[in-house]
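Chain residues, written in single-letter form:
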Amino acid sequence: LTGVLDDCLCDIESIDDFNTFKIFPKIQKLQERDYFRYYKVNLKRPCPFWADDGHCSIKDCHVEPCPESKIPVGIKAGSSNKYSKVANNSKELEDCEQANKLGAINSTLSNQSKEAFIDWARYDDSQDHFCELDDERSPDAQYVDLLLNPERYTGYKGPSAWRVWNSIYEENCFKPRSVYRPLNPLAPSRGGDDGESFYTWLEGLCLEKRVFYKLISGLHASINLHLCANYLLEETWGKPRWGPNVKEFTRRFDPLETKGEGPRRLKNLYFLYLIELRALSKVAPYFERSVVDLYTGNGHEDAESKALLLDIFRDTKSFHMHFDEKSMFAGDKKGAKSLKEEFRLHFKNISRIMDCVGCDKCRLWGKLQTQGLGTALKILFSEKEIQSLPENSPSKGFQLTRQEIVALVNAFGRLSTSIRELQNFKVLLQQTR
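Per an unreviewed UniProt entry, the chain goes by the name ERO1-like beta and belongs to Chlamydotis macqueenii. The heading Sequence similarities (unreviewed entry) in the UniProt record of the chain holds the text "Belongs to the EROs family." Reading the Subcellular location (unreviewed entry) entry of the UniProt record for the chain gives the comment "Endoplasmic reticulum membrane".

Peer 1: Report on the side chain of glutamine 423, specifying residues and quantitative values.
Peer 2: Here glutamine 423 shows up in helix H16 (residues 402-432). The contacts of glutamine 423, once residues within four sequence positions are left out, are Asp16, Thr20 and Tyr270.

Peer 1: Summarise the packing of aromatic side chains; cite the residues concerned and give the values.
Peer 2: Following the criterion strictly, the structure yields 17 aromatic pairs and no others. On the numbers, 4.1 Å between centres and 25° between planes, the contact of tyrosine 153 with tyrosine 231 is stacked. Separated by 78 residues along the polypeptide, tyrosine 153 in the loop between strand E2 (142-145) and helix H7 (159-172) and tyrosine 231 in strand E3 (residues 231-236) bring together distant segments of the chain. The pair formed by tyrosine 153 and tyrosine 231 is uniform in burial state, with each residue classed as buried. For the ring pair tyrosine 286 and phenylalanine 398, a centre distance of 5.4 Å and an interplane angle of 85° mean the geometry is edge-to-face. Taken together, the positions of tyrosine 286 in helix H11 (residues 261-288) and phenylalanine 398 in the loop between helix H15 (383-387) and H16 put the pair 112 residues apart, joining distant regions of the chain. Judged by its relative accessible area of 0%, phenylalanine 398 is buried. Within the aromatic cluster, the residues linked to one another by ring pairs are Trp165, Tyr169, Phe198, Tyr199, Trp201 and Tyr213.

Peer 1: Before we move on, could you go through the side chain of glutamate 404 and cite the residues and values that matter?
Peer 2: Considering the arrangement of structural elements, one finds glutamate 404 in helix H16. Residue glutamate 404 is classed as buried on the basis of its relative accessible area of 4%. A polar contact is formed between the side chain of glutamate 404 and the backbone nitrogen of threonine 401, at a distance of 2.9 Å.

Peer 1: Before we move on, can you summarise the nonpolar core with the specific residues and values?
Peer 2: Core analysis: the biggest nonpolar cluster contains 107 residues, and Ile15, Ile216, Tyr273, Val283, Phe287 and Leu364 have the highest contact counts within it. With 15 residues, the single largest contributor to this core is H11. The residues touching valine 283, leaving out its near neighbours within four places in the chain, are Phe313, Ile379, Ile386, Phe398 and Leu400.

Peer 1: How would you summarise the pattern of salt bridges if you had to cite specific residues and measurements?
Peer 2: Following the criterion strictly, the structure yields 19 salt bridges and no others. Across the salt bridge formed by lysine 378 and glutamate 404, the nearest N and O atoms sit 2.9 Å from each other. Of the two residues, lysine 378 is situated in helix H14 (residues 360-380) and glutamate 404 in helix H16; the sequence distance between them amounts to 26 residues. Because the salt bridges share partners, they merge into one network encompassing Lys26, Asp311, Arg314 and Asp315.

Peer 1: So what's going on with empty space enclosed by the protein? Which residues, and what values?
Peer 2: The gaps of empty space that remain are located by a probe, the size of a water molecule, rolled over the atoms. Under the defined criterion, the tally for this structure stands at four cavities of 30 Å³ or more. Lining the second largest cavity we find Tyr169, Arg181, Tyr213, Ser217, His220, Ala221, Asn224, Glu261 and Arg265. Split by residue class, the lining of the second largest cavity holds three nonpolar, three polar and three charged.

Peer 1: Break down the layout of surface pockets for me, citing the residues and quoting the values.
Peer 2: Here the second largest pocket is characterised by a volume of approximately 650 Å³. Taken together, 26 residues form the lining of the second largest pocket, with Ala161, Trp165, His220, Asn224 and Arg252 sitting closest to its centre. Of all the secondary structure elements, the ones that give two or more residues to the lining of the second largest pocket are H7, helix H9 (207-229), helix H10 (246-253) and H14. Grouping the amino acids of the lining of the second largest pocket by side-chain chemistry returns twelve nonpolar, six polar and eight charged.

What counts, and where the lines are drawn
Residues numbered from 1 in each chain as written. Predicted model: local features only at pLDDT ≥ 70, side-chain atom pairs only at ≥ 80, totals over all residues. Heavy atoms only, no water. UniProt positions renumbered as here; feature names shortened; annotations may be inferred. Helix = DSSP H or I, 4+ residues; strand = E, 2+ residues; numbered from the N terminus. Contact = heavy atoms within 4.5 Å. Phe/Tyr/Trp six-rings, centres within 6.5 Å; stacked < 30°, edge-to-face > 60°. Buried < 20%, exposed > 50% of the residue type's maximum accessible area, 1.4 Å probe, protein only. Polar contact = N/O pair within 3.5 Å; in protein donor to acceptor, adjacent residues only side chain to side chain. Core = buried A, V, L, I, M, F, W, Y, C linked by side-chain atoms within 4.5 Å. Salt bridge = Lys/Arg side-chain N within 4 Å of Asp/Glu carboxyl O. 1 Å grid on protein atoms, 1.4 Å probe; cavity = no way out; pocket = protein on both sides within 12 Å on 5 of 7 lines; lining within 4 Å. Points joined across faces, edges and corners; volume = space filled by probe spheres on them. Nonpolar A, V, L, I, M, F, W, Y, C, P; charged D, E, K, R; others polar.

Here you go:
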């Protein structure tokens, strides 16, 4: 992968260098701090689009089918009775227990952490909310320690996983049903069409709709990269060994294996990185105000976290090839407004589809990264409100909840990690040739 990206004036090599030497080490440190490591999520919301088809197959990380006594409290979701017959089958039970080990959400929290959350909630409640996120208030929402639940390969794959991505692309990317996305196993037989008609269609779209597709494709590529880089390589004496799987990476991204599709997807990952990087540089004034604390109740740690975040913002501002979002929604006011609203509704729909992911750990990270991207878009479309923020009082016009801040930073951290892992795979591929 080299050269300039489409729809922006930035080259891949510049992003690689900037990410490796400036962003990646700092964002890693920031994600380890208490404010950013705990994310509140509702993993029990039912899929709003189709009946939940979660079932226990080999290495599937969906733990619902397992006997209740085996399931950690933090991942109990829905009705376990539905699967009681399946759970009585010993072969299925073995698979379930394997899935439980692979995909279980680690929900252990110290008493100290629990007390801190009560303080955070009080602090958040005293702020002006920009919007109410229904998940946070739900009795089913729980805090998850992201460091204890890293995003990695869980064995969740096949028709259930494809159905989620298929729904996202086919129904939410402004796409006519007659144009099939390349290498989509759920699409009808395409005859001689190798996917080129899809790219002809994509090039004919307005910039905003092209950007929307690239963001989703970039997110998909990033998630696939995490799974390849943190793969279950072997499980000896009950101790799993996780690491990069070159074969899996090749299967998903090699030009020959993917009929040229892999590199296109990776370019979209870089595009998504640029969009979220731009959002971070734009939101800096919001955090630079003395009235904004990264509040955990530990004054010393809070000050250090904020200093590190502001340091990252300085780096994002120093990047000289940002995506220019002013070119978006720049047509006649009425048309631009309705397009922006359509954009927002499509994205909101995608965040709801994440409740259809059949693996709890995949759902956790899918929801977090979708919310992070949604927060980035909210920032890019609120530039005037951010610039006119009062210095010493909570803002009325633009507000981020702690939930949005945690999602924004961790989602960008995932993209930064993806680009770093891509460098590692390049080295590993050279060694195997």
